[in-house]
Structures are given as structure tokens and as C-alpha cells.
Amino acid sequence: MLLLCFAVVLLLAVLVSSLAHRTILSTAVLFLAAGIALGPQTSGVLDLQADSPVVALLAELALFAVLFTDGMRVGWTDLRSAWRLPGRALGWGLPLTLAITAVVAHYLVGLDWPQALLIGAILAPTDPVFASALVGNQRVPARLRHLLNVESGVNDGLALPFVMVFLAIAAGSGNLHLDELGLELAIGVVIGVAVPWLAIRLERLKIFSASTQYEPLNAVAIGVLVLALAKTMHGNLFLAAFAAGITVATFGPRQRAAFEHFGELIAETLKLAALLVFGALISVEFLGEITWQGWVFAIFALVVARPVALALSFIRSGLGRREQLAAMWFGPKGFASVVYGLLVLEADIPAADEVFHLVALTIVLSIVAHSSTDIVVARSFADVDLIPDKKPTEPADDH
């Protein structure tokens, strides 16, 4: 039934995709709304619960695929040469967003500090998938697109240690297992770098050569192997995915080019399937269980926490006003937050259900708000390009 529903909604999304690229209509919102309508608490067509294996599996696979393709958009040289702005967003913006969100969760919603810090860590990562019209639009300044891509790709992995530590504290654990966590992150990075590098080196040997037909599958095979090894060796999947993408982009430009379009379609398919399943966990009744303080918190997390954090982070950065406003607004919550929210349910900590409700509400509002405004903001950059400069001495950053 899940496969049937996904196929029907996917076909509908394909049929309206051209309209969606020209308007505020979003295929992400379409899949989310379909999931809500088909979920067990609405129509009952899909019998899915938060602890259903397919929920965690699809969210995990989607996030892995998205991070792998995100990493492949930039090589190590690109990261090293254009790290200044993403470094500010990650070094200052991420912890500030976490802290501001946690303070509001504690004083407004009434969560204990460990749970408040946990929800701050869960909601700190961003996902440009729900702002694809902005990230993928060539009219948008390259440094802004690079900033959002690098930030979203790296912050998922950076937020994970905070999620695990605060989860252990919230569960009342006396041993935070920091050594195990560090080993998991290190294993993920090693696998993400070593496997693609070795695979690319092997293909350069005279006895090996990929045919034109199989060339796009080269990066797919690398990605699946990284995923399997990371799962088997208990490495961090998401750091492994991003590191693997960067390694392919750095050492295998031909593999990167062959995989680009094919890989983005795979990531998009998994993303939409995960959105359908995530939507099935939500209903009008589910949202009605959230107090008014919870609604205020979710709105605050989107329109205040990140904008304030990035405004402080970009002081004297040289980033143009229009670009800075776009970066402040486009901090959509996506698959990392979904996966981390499911970890909370599995851990069964005090107030786990309340934390998941708040996380789910924030993600829903984010998907609707960000995926419906990305095309508008992207067009604003294109419109500025069409307006002749009245003053030749005006700073180029604002255009």
C-alpha cells in the first residue's frame, strides 16, 4: 500500500512539476500533505507508526543520499578556497541557533535544560533541499548558493555529537560515552574518504574501465559501499556520506559529472518517499495536541532563532544585505531533524513525545514556509539583475 500511494503521488508530482517550478507550489508540500491525508490518524490508508522500521529506514537513506550528492557538488579545493562565509555560519551560527532555541524551549515551553538543549541541537541543522529553487538557480549569487550548500552539508554531522550527548544527559545516563561517539565519527570520515579514493584509483588501472552505460553507476556503487561499510563498522552514516561526496568531487571529476543528474534524481526520489512517510505520522489531531506555547516556539525557531544567530555571525563579513537576508531566512529543517527526532522516540526519555511533537511541528512549518518562498526569493535576485544600475559606484554585493 505504501508503494502504491507513493507511485500515485509521484506521478502527480511529475505532472505538476513544471507548474511548481514557476509558482510557489511545492512538490515537497504535496508529498507532506499526501502523507498527512493518508496517515493512520486521518484516512488510515497507510498504517505507519513512529517506531515502524520503514520510517527510520527511509529517513536515514534519504538523508544519506542528500548528503552524498551535496558533498559531490564541491571538492576539497572549493571548500578550502571559499570557507570564510560557511565557517561563520557553522562556527558561530550553529551554536547560537542551538542556544537561542534551547532558551526559548526552556522558558516558554517549560522543558528541562537537558531536553531544551536536545531540541535545540535537533533543530539547529538546515537542509537546502526544501529551498532547491534558490540553491539551484544560477541567477542567485554563487557565494550564497555555496554558503547554503556547504553549511547544510556539514552542520548535520556537526550537530550529531550534541544530539547524542544531550540525549544521554536527558536519559539520565552517568556515562556519556564520548569515546564511543568520537570513534563513530572518526570511522565515518575514514570510510567516506578511503572508499571513494580507492575506487577511483582502481578504475584508473589499465585492466579496469567503466563503459559509458555503466559510468553513472560508478558513484552509486561507491555510495552504497560507503553506506554498507558505515553500517557494518558502526561509523557515522552522515559524515561518511558527505565525506564520500567531497572525495569523489575532489579526485574523480569524471565520475562526478557522470553521476550528477542521475544521482540527484535518486536523492530526490528517496527524499519524497521519506516526506510521504513522515507526513503519515502527523494529523490534525496530532497538531491539535500541541499547546499554544508549542506553536509559538515553532514559529520562533524559524523566524527568530536562526535569523538572529546568522545576523550576529555575519557582522563585518562583507556579505551583501540581500544575500544576508536570504541566508538568514533559508534555514529549513529537514531530514537530519527528522532522523534525530526519531532517535528521541527510540530513546524513550522523559518528555520524548512532547519533544517529538515540537520537532515535527517545526519541520512541517519549515517545509511549507521555505519550499513555498524559495522561488520568490530566487526571482528577486533575477529581477535585480534586470534593473540597470543608477549609480555605478553602488556596492556589487547588494545585487
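Quick notes on the rules
- Residues numbered from 1 in each chain as written.
- Predicted model: local features only at pLDDT ≥ 70, side-chain atom pairs only at ≥ 80, totals over all residues.
- Heavy atoms only, no water.
- Helix = DSSP H or I, 4+ residues; strand = E, 2+ residues; numbered from the N terminus.
- Buried < 20%, exposed > 50% of the residue type's maximum accessible area, 1.4 Å probe, protein only.
- Contact = heavy atoms within 4.5 Å.
- Areas by Shrake-Rupley, 256 points an atom, 1.4 Å probe, with all protein chains shown as cover.
- Patch = residues over 30% accessible without salt bridge, like charges linked within 9 Å, V, L, I, M, F, W, Y side chains within 5 Å.
- Salt bridge = Lys/Arg side-chain N within 4 Å of Asp/Glu carboxyl O.
- Lys, Arg positive; Asp, Glu negative; His and termini not counted.
- Charge placed at Lys NZ, Arg CZ, Asp CG, Glu CD.
- Phe/Tyr/Trp six-rings, centres within 6.5 Å; stacked < 30°, edge-to-face > 60°.
- Axes fitted to C-alpha atoms, helices over the stretch in contact; angles between N-to-C directions.
- Parallel < 35°, antiparallel > 145°, perpendicular 65-115°, else oblique.
- Polar contact = N/O pair within 3.5 Å; in protein donor to acceptor, adjacent residues only side chain to side chain.

Student: How should the overall build of the protein be read in this particular structure?
Tutor: Counting its regular elements, the protein contains 17 helices and zero strands. Relative to its 399 residues, the protein shows a buried fraction of 51%. Considering only contacts in the protein between residues 6 or more positions apart, those separated by 24 or more positions represent 83%. Here the protein has roughly 18100 Å² of accessible surface; of this, 67% comes from carbon and sulfur atoms.

Student: Which parts of the structure should I look at to understand a negative patch on the surface?
Tutor: Side chains of Glu285, Glu289, Asp353 and Glu354 sit close together on the surface and give a patch of like negative charge. Mapped onto the elements of the fold, glutamate 289 is located in the loop between helix H13 (284-288) and helix H14 (292-313). Assessed through its relative accessible area of 46%, glutamate 289 is described here as partly exposed.

Student: How should unusual backbone geometry be read in this particular structure?
Tutor: Non-glycine residue histidine 234 carries a positive phi angle of around 60°. Counting through the fold element by element, histidine 234 comes out in the loop between helix H10 (215-232) and helix H11 (237-251). Residue classification places histidine 234 among the exposed residues on the basis of a relative accessible area of 62%.

Student: For this particular structure, what's the right way to read the environment of alanine 280?
Tutor: Among the structural elements, alanine 280 can be located in helix H12 (residues 253-280). When the C-alpha positions of alanine 280 and isoleucine 36 are compared, they lie 4.7 Å apart, and in sequence the two are 244 residues distant. Those residues within four positions of alanine 280 in sequence are excluded, and the remaining contacts are Gly35, Ile36, Gly39, Pro40, Leu46 and Leu48.

Student: Just checking my understanding: could you explain the packing of aromatic side chains for this structure?
Tutor: Where two aromatic rings form a pair, the distance of their centres and the angle of their planes describe that pair. Scanning the entire structure with this criterion turns up seven aromatic pairs. Counting every residue linked through ring pairs, the aromatic cluster contains Phe64, Phe68 and Phe259.

Student: Sorry, what's going on with the packing of helix H6 (residues 113-123) against helix H16 (residues 335-347) here?
Tutor: The relative placement of two packed helices is expressed as an angle between their axes plus a distance between the axes. As a packed pair, H6 and H16 sit with axes 8 Å apart at the nearest point and diverge in direction by 150°. Overall, the two elements H6 and H16 adopt an arrangement that is roughly antiparallel. Facing H6, whose interface residues are Leu118, Ile122 and Leu123, H16 presents Ser337, Tyr340, Gly341 and Val344.

Student: Teacher, can you tell me more about the side chain of serine 317 here?
Tutor: Assignment of secondary structure puts serine 317 in the loop between H14 and helix H15 (321-329). The class of serine 317 is buried, set by a relative accessible area of 6%. Separated by 2.8 Å, the side chain of serine 317 and the backbone oxygen of phenylalanine 314 make a polar contact. Those residues in contact with serine 317 that lie beyond four places of it in its chain are Arg84, Leu85 and Arg88.

Student: I keep staring at the pattern of salt bridges and nothing clicks. Help me out?
Tutor: Any two side chains of opposite charge can pair, so long as their charged atoms come close to each other. All told, the structure shown has five salt bridges when counted by the stated rule. Two residues, lysine 231 and glutamate 60, come together in a salt bridge whose shortest N-O distance is 3.2 Å. A residue pair is termed long-range when its members are at least 10 positions apart, and lysine 231 in helix H10 and glutamate 60 in helix H3 (residues 53-72) qualify at 171 residues. The closest approach of N and O atoms between glutamate 203 and arginine 254, which form a salt bridge, is 3.4 Å. You can see glutamate 203 sitting in helix H9 (residues 178-203) and its partner arginine 254 sitting in helix H12, a full 51 residues away along the chain. Classification of glutamate 203 as buried rests on a relative accessible area of 11%. In the salt-bridge network here, residues are joined through shared partners; they are Glu203, Glu215 and Arg254.

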